[in-house]
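Okay, here's what each chain looks like letter by letter:
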Amino acid sequence: MTQLSPILSTNIEKAVNCLRQSDTVCILTGAGISAESGIPTFRDKQTGLWENYRAEDLANAGAFERDPNLVWSWYQWRRNLVKDKQPNPAHHALARWQQAWQQQNKAELTLITQNVDDLHEQAGSIATHLHGHLWKNRCSKCDAIYDMPIDYTDAQLIHCPHCQGFIRPDIVWFGEGLPVDEWLHAKLSARTCQVFITIGTSSIVYPAAGLVDLAKYSPYQAKIIEINPNPTDNPMVDIQIQAKAGEALPQLVNQLLSE
Ligand code: APR
């Protein structure tokens, strides 16, 4: 395990003490938690074929309407990029923590993610996905689920067998609403938690970024912990863990579970 700086060790210890006194914890993860698995974050500059495009301009309902070929081929490219990626120590640490608390019936840990990859599930966590799933598809016209196998190396658009509309990834794009049940669950968890942890998110995309406010200003006045090598300037953060998730989380979870 990596040797941590004294300030980082102190902040991890503070976080552990705070978590030991809590019965309800809500965690929100973003693209940064998958960065150490080799998946570029959303605001990293894109490379290769896509270096002249911003992810925000492609993960976009308007972009698919204007140019479905372009958006579909970008997603096929992303699927190829992600398909062999494995959970990293941060995903594994969260899964271990969630399972341990569940088995001990100790406290509640709700994991909410903005990520569309399935690395939390691969590691063994149960996660609520606010922005959909990279591996699922549906019709852009009639909304029917499309669950036929897809060849990720083929960038040709696929037509819906029911209405001939174009098949699209089942992902929440800019300009679209979040899935209702998932969003309700996330809001409830944020409002009722005693500690809220954000991990690897720039916290600029709403409504997910507003969960931290719900937690802070709830009757429980949750303590806010942030794990990010590039801290956001959110003044609500109580404990800042300025480190990569894959370095900080295994240490934090080891200490927490070793009482
Ligand atoms: N560990 C923790 N955090 C990291 C790491 C790491 N190893 N590497 C990078 N980060 C941080 C970055 O400093 C940044 O703050 O992860 C964050 C990634 O930010 P974004 O790329 O903006 O990703 P995210 O916050 O998940 O984006 C939110 O925006 O485009 C939409 O729907 C998309 O879900 C996405 C949403």
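Residues numbered from 1 in each chain as written. Predicted model: local features only at pLDDT ≥ 70, side-chain atom pairs only at ≥ 80, totals over all residues. Heavy atoms only, no water.

Draft legend 1. Up close: the overall build of the protein chain. In terms of regular secondary structure, the protein chain is built from 9 helices and 9 strands. For 259 residues, the compact-globule estimate of 2.2 N^0.38 gives 18 Å, and the protein chain sits close to it at 19 Å. Over its C-alpha atoms, taken along the principal directions, the protein chain stretches across nearly 55 × 35 × 35 Å. Buried positions account for 49% of the 259 residues belonging to the protein chain. Separation between the mean location of the 21 positive side-chain charges and that of the 28 negative ones in the protein chain comes to 2 Å. (Helix = DSSP H or I, 4+ residues; strand = E, 2+ residues; numbered from the N terminus. Rg over C-alpha atoms; globule rule 2.2 N^0.38 Å. Buried < 20%, exposed > 50% of the residue type's maximum accessible area, 1.4 Å probe, protein only. Lys, Arg positive; Asp, Glu negative; His and termini not counted. Charge placed at Lys NZ, Arg CZ, Asp CG, Glu CD.)

Draft legend 2. Local environment of the site of the ligand. The environment of the ligand is formed by 20 residues, the closest being Ala31, Arg43, Thr201, Ser202 and Asn230. Within the side chain of Arg43, a nitrogen or oxygen atom sits 2.7 Å from an oxygen atom of the ligand. With respect to the ligand, the backbone of Gln114 contributes an N or O atom lying 3.1 Å from an oxygen atom. Grouping the amino acids of the shell around the ligand by side-chain chemistry returns 7 nonpolar, 10 polar and 3 charged. (Near = heavy atom within 4 Å. Polar contact = N/O pair within 3.5 Å; in protein donor to acceptor, adjacent residues only side chain to side chain. Nonpolar A, V, L, I, M, F, W, Y, C, P; charged D, E, K, R; others polar.)

Draft legend 3. Layout of unusual backbone geometry. In this model, Tyr206 is joined to Pro207 through a cis peptide bond whose omega is 10°. Counting through the fold element by element, Pro207 comes out in the loop between β7 (195-199) and α8 (211-216). The backbone of Gln221 sits at a positive phi, close to 45°, despite the residue not being glycine. Positionally, Gln221 belongs in the loop between α8 and β8 (223-227).

Draft legend 4. Region of the structure containing helix α1 (residues 6-20). Taking 1.5 Å per residue, 15 residues should reach 21 Å; α1 reaches 21 Å between its end C-alpha atoms and fits that length. Every buried residue of α1 is listed here: Leu8, Asn11, Ile12, Ala15, Val16, Cys18 and Leu19. All buried residues of α1 lie within an arc of 165° about the axis, which places them on one face of the element. Seen from the open side of α1, the exposed residues pointing more than 90 degrees away from its buried face are Pro6 and Ile7. Looking at the buried residues of α1, the elements they touch are β1 (24-29), α5 (89-104), β7, β8, β9 (239-241) and α9 (245-257). (Expected span 1.5 Å × (residues − 1). Arc of directions from axis to C-beta. Contact = heavy atoms within 4.5 Å.)

Draft legend 5. Inspection of the sheet that holds β9 at higher detail. Within the open sheet, the 6 strands sit side by side as β3-β2-β1-β7-β8-β9. Their pairing is parallel. Where the open sheet ends on each side, the last strands, each with one partner, are β3 (128-129) and β9. Most of the contacts of helix α7 (residues 180-192) go to strand β2 (residues 108-113), to which it runs at about 135°, and overall it touches β1, β2, β3 and β7. Here α9 sits on the sheet in contact with β7, β8 and β9, set at roughly 130° to β8. (Pairing = 2+ DSSP bridges. Axes fitted to C-alpha atoms, helices over the stretch in contact; angles between N-to-C directions.)

Draft legend 6. The arrangement of the domain arrangement of the protein chain in detail. Partitioning the protein chain into structural domains gives domain 1 (6-39 + 87-131 + 178-257) and domain 2 (48-84 + 136-171). With centres defined by C-alpha atoms, the gap from domain 1 to domain 2 works out at 29 Å. (Domains from an automatic or database assignment.)

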